[in-house]
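Residues per chain, in single letters:
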Amino acid sequence: MFISDDALKRNFAEVKPGLRPKQAFEEAHRCLYCYDAPCIKACPTGINIPSFIKRIANKNMLGSARTILEANPMGASCARVCPTEELCEGACVLNDSSKPILIGDLQRFATDWAIRNNQQLFASGERNGRSVAIVGGGPAGLSAARELARFGFAVTVFEAKAHAGGLNTYGIVSFRLPKEIALWEVEQVRKLGVDIRTNTVVGRDVTASELLESHDVVVLAAGMSKVPMMGIPGEELEGVYDAIELVEKTKVSLSGELSGRRVVVVGAGNTAIDAATCSVRMGAEHVEICYRRSKQEMTAYEFEYEFAKSDGVAFRWLTAPVRIIGDEHGRVKAIECVRMKLEQAESGRRARPVPIPGSEFTIEADAVIKAIGQTRHVSLVDQFQLAHTRGVVTIDQETYRTSNPNVYAAGDVIFGEGQGDAMVVSAVQQGKLAAFAIYKQLVLDAGDVDRQT
């Protein structure tokens, strides 16, 4: 089966259309503009949602976009990828009587206006003589960079990839978040005078000690790394993919390399869903997801799950891979799995999946995609000699300061081990809070000391 370039472009075009002006204005007028709005409290970045919606109703698009992006520097991306059903829309008071305001769609409407009209919404502050190095140009790093630039810091972002934006640029499928949206947000930060150095790896092109010596503080905001090995025979075969790398390839250039193939995705998180729906759009003949736990325990958002089903993706619950089987040419031809059951753990802990003896079976497959989580940049954390738990950096929960008083951390490097939720919007808020803590330490508190002396 061959899939044409035109078909690929159509398949990877943004799935959900934006609101038309008439729709947006009508939806905005449905809002009750609550005084003590629960939607604001439900938003990790605290966007003043009634305010930005009121501005749309009044056709003040510039004011609406500025209200959104003031609170959330990645507000255009988050309008598309936030689980709004669980956050702002889930908290809308209209859930009790009709249906919630389409907050995410209205946020996209306003930020899309800013993008189309090439708006630069913020300016940098007067230089305060302090400098900050930020390791990682993803949502957390860019959020910190923007706020620090507005506070007057000289900011340099060190990004390993060819473009900044992190997950938004490379890790979220194009048909949900086009790369151009993320890169516009990057440019909003760059135009504040932030020096974004791409293709620069800390530990290779510049050392941790050099950053600490040449800047007042460092913000560690590196993302996650590759998908780990599953630890089963056959992972070296041709046709075994890393889900993160597969999605990233589609953000750089489109190909039909999975055209006509039978694909099995291992895992049931949001990345697994992305890998499965990418496979469908790359022309795969059949795609199914295998997960060792039950549907109730999958980590993917419910709307992601429904989206995958609408794409024709099949699901096998309580199924774990045992080995990947290759043909005489070293290519994947099948995957052997075993059925699982959930065994209640002691002390009320989460039930653990255990294999059912003798239940092994084989699924024919030409490609296997691993989507079982991601490894962490432990060696990078160790370069800064920071306290951590299996790569999750230890921080002061109020200041985001690490065990090194000159290093702060935000984003993926502090998610896990009971610290926070791995959402883009949460990473953005952490970047903001880290930036304010740095401003307080180096400018506000330092000013108090100067006045006392």
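Residues numbered from 1 in each chain as written. Predicted model: local features only at pLDDT ≥ 70, side-chain atom pairs only at ≥ 80, totals over all residues. Heavy atoms only, no water.

Looking up the protein in an unreviewed UniProt entry gives the name NAD(P)-dependent oxidoreductase, with the organism given as Paenibacillus albus.

Draft legend 1. How the structure looks around the pattern of salt bridges. Applying the stated criterion across every chain, the model contains 31 salt bridges. Two residues, aspartate 112 and arginine 80, come together in a salt bridge whose shortest N-O distance is 3.0 Å. Of this pair, aspartate 112 sits in helix α8 (residues 103-116) while arginine 80 sits in helix α6 (residues 75-81), placing them 32 residues apart in sequence. The same class applies to aspartate 112 and to arginine 80, which are both buried. What you see here is one network of salt bridges that share partners, running through Glu14, Arg80, Arg108 and Asp112. (Salt bridge = Lys/Arg side-chain N within 4 Å of Asp/Glu carboxyl O. Helix = DSSP H or I, 4+ residues; strand = E, 2+ residues; numbered from the N terminus. Buried < 20%, exposed > 50% of the residue type's maximum accessible area, 1.4 Å probe, protein only.)

Draft legend 2. Highlighting the packing of helix α14 (residues 270-281) against helix α15 (residues 302-310). Orientation of α14 relative to α15, taken along the N-to-C sense of each, is 20°, at an axis distance of 10 Å. Between α14 and α15, the interaxial angle falls into the category roughly parallel. Relative to α15, the crossing made by α14 is left-handed. Of the residues in α15, those in contact with Asn270, Ile273, Asp274, Thr277 and Arg281 of α14 are Glu304, Tyr305, Phe307 and Ala308. Grouping the constituent residues of the contact of α14 with α15 by class yields four nonpolar, two polar and three charged. (Axes fitted to C-alpha atoms, helices over the stretch in contact; angles between N-to-C directions. Parallel < 35°, antiparallel > 145°, perpendicular 65-115°, else oblique. Left-handed = near helix turned anticlockwise from the far one by under 90°. Contact = heavy atoms within 4.5 Å. Nonpolar A, V, L, I, M, F, W, Y, C, P; charged D, E, K, R; others polar.)

Draft legend 3. View of the sheet that holds strand β1 (residues 131-135). Across the sheet, five strands lie side by side as β3-β2-β1-β4-β16; this open sheet has parallel pairing. Each having just a single partner strand, β3 (195-197) and β16 (407-409) make up the two edges of the open sheet. Strand-to-strand twist in this sheet, taken as the mean axis angle between neighbours without regard to direction, amounts to 20°. One ladder, built from four bridges, connects β1 with strand β4 (residues 217-220); its direction is parallel. By the bridge assignment, valine 135 is partnered in β4 with leucine 220. In the packing of helix α9 (residues 139-150) onto the sheet, contacts are made with β1, β2 (154-158) and β3, and the angle to β1 comes to roughly 170°. (Pairing = 2+ DSSP bridges.)

Draft legend 4. Spotlight on the side chain of threonine 84. As for its placement among the helices and strands, threonine 84 is situated in the loop between α6 and α7 (88-91). Among all residues touching threonine 84, those that are not within four sequence positions of it are Glu89, Gly90 and Gly104.

Draft legend 5. Seen up close, the layout of surface pockets. The space that makes up the second largest pocket amounts to roughly 470 Å³. Lining of the second largest pocket is provided by 19 residues; of these, Lys16, Arg80, Glu85, Arg176 and Phe303 occupy positions nearest its centre. Looking at the lining of the second largest pocket, the elements with two or more residues in it are α6, α8 and α15. For the lining of the second largest pocket, the domains that each give at least three residues are domain 1 (16-117) and domain 3 (240-370). (1 Å grid on protein atoms, 1.4 Å probe; cavity = no way out; pocket = protein on both sides within 12 Å on 5 of 7 lines; lining within 4 Å. Points joined across faces, edges and corners; volume = space filled by probe spheres on them. Domains from an automatic or database assignment.)

Draft legend 6. Just the UniProt feature "domain: Dihydroprymidine dehydrogenase" (unreviewed entry) in the protein, in detail. Mapped onto this numbering, the UniProt entry annotates "domain: Dihydroprymidine dehydrogenase" (unreviewed entry) at residues 10-118. Along residues 10-118 the backbone is 57% helical and 0% strand, and the end-to-end C-alpha distance reaches 26 Å. (UniProt positions renumbered as here; feature names shortened; annotations may be inferred.)

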